[in-house]
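# A look at the structure
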Amino acid sequence: MKIKKVVIPVAGKGTRFLPATKEIPKEMIPILDRPMIHYAVEEAVKANIEEVIFVTSKGKEVIEKYFQRNSTLEEFLSKNGKEKQLQNIKNIGDMISFKTVEQSEQLGLGHAVLCAEELVGDEPFAVILGDDLILSSEPVVGQLMKISEEKNFSPVIGVMEVPNEETFRYGIVSGNMLNDKTLKMDSMVEKPEPQNAPTNLATPGRYILTPDIFQCLKEIPRGSGGEYQLTDAINHLAKKRDVYAHVFEGDRFDTGNLDCYLNAMVEFALRDQRTEGLMRNIIKDKAAQMERGLL
Ligand code: G1P
């Protein structure tokens, strides 16, 4: 057995990025020179996943197009001797095979994952939330796949420690530590206030799930925010079988709102050799201007 498929929900309206998202999907907004969705798919490719299932909605067709070949552009680049760009563009078109399923109503992350049931079939699969970008030497979803395999293809939820006051932004897990990185989960709760949070282990959008999650998704009521929450279904699943959580290696950047997005852009620029020097100089110049009261 092997984990071959990843579900990436991309149906959201991206209202926090209006007006940019009025006509283009939020997933197509770039960090440096790539749309955000590129990083999520790249993570899956690096983990040897073979197929992406986009859970999409009307007006998001450009995401699928982005991962297809573009013969007009390829011809143009070829005619103009732009070999490097040509190769880059071809590579994106050949990156991975994908399928799409439409989520006709926005009823939450749990509902989005349930839409992928037929395309996933009867096998374990990964879920990546594209809002959460994670820079790591080994792709996070690959790290979780390893643990899942070790545990006979059990569900594994990627977690990271967050400051106590931030638990209300995430699904939070609790359980028994098996070693310093992996725990056997006993419960998971969506966005608890700090005083109600069982731990500060938060789930930033990386999951290995098993097909029995779909039954749980059908059984849960609406939860936090009136939506069908994936967290509630995983909590339900943990009552029926062993579910693990694993503290992954990597630095995670949220891009879900403008503040986080700006921070992610600067961090990515500092970590990319093409832009690192430039970014450092910009920061130095701005700091000097601030010191002199010019900013
Ligand atoms: C979703 C999930 C939440 C998870 C978070 C990660 O929430 O419901 O459990 O921790 O993504 O970004 P959202 O941020 O979409 O409200």
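Just so you know, these numbers come straight off a predicted model, no measurement behind them.

### Observations regarding the packing of aromatic side chains
- Under the counting rule described, the total for this entry stands at seven aromatic pairs.
- For the pair phenylalanine 17 and tyrosine 261, a centre-to-centre distance of 5.5 Å together with 85 degrees between the ring planes defines the contact as edge-to-face. Separated by 244 residues along the polypeptide, phenylalanine 17 in the loop between strand 1 (5-9) and strand 2 (30-31) and tyrosine 261 in helix 10 (residues 258-270) bring together distant segments of the chain.
- Seen from their ring centres, phenylalanine 54 and phenylalanine 98 are 5.8 Å apart, and the 55 degrees between their planes marks the pair as tilted. Note that phenylalanine 54 is positioned in strand 4 (residues 51-56) and phenylalanine 98 in strand 5 (residues 97-102), a separation of 44 residues in sequence.
- Note on phenylalanine 54: relative accessible area 2%, which makes it buried.
- Taking the relative accessible area as the measure of exposure, phenylalanine 98 reaches 21% and is therefore partly exposed.

### Brief notes about the pattern of salt bridges
- Overall, the coordinates contain 26 salt bridges when judged by the stated rule.
- Here glutamate 27 ties to lysine 60 by a salt bridge, and the two come within 2.8 Å at their closest N and O atoms. Residue glutamate 27 is found in the loop between strand 1 and strand 2, and its partner lysine 60 is found in the loop between strand 4 and helix 2 (61-66); the two are separated by 33 residues along the sequence.
- In this structure, lysine 58 engages glutamate 102 in a salt bridge whose closest nitrogen and oxygen atoms are separated by 3.3 Å. One end of the pair, lysine 58, is in the loop between strand 4 and helix 2; the other, glutamate 102, is in strand 5, with 44 residues separating them in the sequence.

### Considerations on the side chain of arginine 206
- One can find arginine 206 in strand 12 (residues 206-209).
- Among the polar contacts listed, one links the side chain of arginine 206 to the backbone oxygen of leucine 129, at a separation of 3.3 Å.
- Looking at arginine 206, its side chain comes within polar contact range of the main-chain oxygen of aspartate 132, at 2.6 Å.
- Discounting chain neighbours no more than four positions away, the residues touching arginine 206 are Glu43, Val127, Ile128, Leu129, Asp132, Leu133, Ile134, Val140, Leu144, Ile157 and Gly158.

### Focus: the side chain of glutamate 190
- Here glutamate 190 is to be found in strand 10 (residues 182-190).
- Judged by relative accessible area, glutamate 190 falls into the buried class, the value being 14%.
- Among the polar contacts made by the side chain of glutamate 190, one reaches the side chain of lysine 191 at a distance of 3.0 Å.
- Reaching out from glutamate 190, the side chain makes a polar contact with the side chain of threonine 231 at a distance of 2.5 Å.
- Every residue in contact with glutamate 190, bar those within four places of it in the chain, is listed here: Tyr170, Gly171, Ser224, Gln229, Thr231 and Asp232.

### Quick word on the state of the cysteines
- Per the counting criterion, the structure on display carries zero disulfides.
- The closest cysteine sulfur to the non-disulfide-bonded cysteine 115 is located on cysteine 216, 17 Å from its own sulfur.
- For cysteine 115, a relative accessible area of 22% gives the class partly exposed.
- Relative accessible area serves as the criterion here: at 0%, cysteine 216 is assigned to the buried category.

### Remarks on the site of the ligand
- Lining the immediate surroundings of the ligand are 13 residues, of which Asp132, Gly171, Glu190, Lys191 and Thr203 lie closest.
- In the environment of the ligand, an oxygen atom lies 2.6 Å from a nitrogen or oxygen atom belonging to the side chain of lysine 191.
- Contact distances for the ligand include 3.3 Å between an oxygen atom and a side-chain N or O atom of threonine 231.
- Protein chains shield 74% of the accessible area of the ligand, which is 380 Å² for the free molecule.

Criteria and thresholds
- Starting from 1, residues in each chain are numbered consecutively following that chain's sequence as written.
- Reporting of local features is limited, given that this is a predicted model, to residues whose pLDDT is at least 70; pairs of side-chain atoms are given and counted only at 80 or more, and all residues count toward the totals for whole chains, interfaces and linings.
- With hydrogens and water stripped out, all remaining heavy atoms of the structure feed into the side-chain values.
- Note on aromatic contacts: the rings of Phe and Tyr and the six-membered ring of Trp form a pair at centre separations within 6.5 Å, being stacked when their planes are under 30 degrees apart, edge-to-face when over 60 apart, and tilted otherwise.
- Only DSSP runs of H or I covering at least 4 residues are called helices, and only runs of E covering at least 2 are called strands; the numbering of each starts at the N terminus.
- For every residue, the accessible area (1.4 Å probe, protein chains only) is compared with the maximum for its type, and the residue is labelled buried under 20%, exposed over 50%, or partly exposed between those bounds.
- Salt bridges are identified by distance alone: a Lys or Arg side-chain nitrogen within 4 Å of an Asp or Glu carboxyl oxygen.
- In protein, a polar contact requires one atom able to donate a hydrogen and another able to accept it; more generally it is a pair of N or O atoms within 3.5 Å, and residues adjacent in sequence count only if both atoms are side-chain atoms.
- By definition, residues are in contact when any of their heavy atoms lie within 4.5 Å.
- By convention in this document, the label disulfide applies to cysteine sulfur atom pairs within 2.5 Å.
- Residues are labelled near a given molecule or strand when at least one of their non-hydrogen atoms is within 4 Å of it.
- What sets the accessible areas is the Shrake-Rupley method with a 1.4 Å probe; for residues, cover comes only from the shown protein chains.

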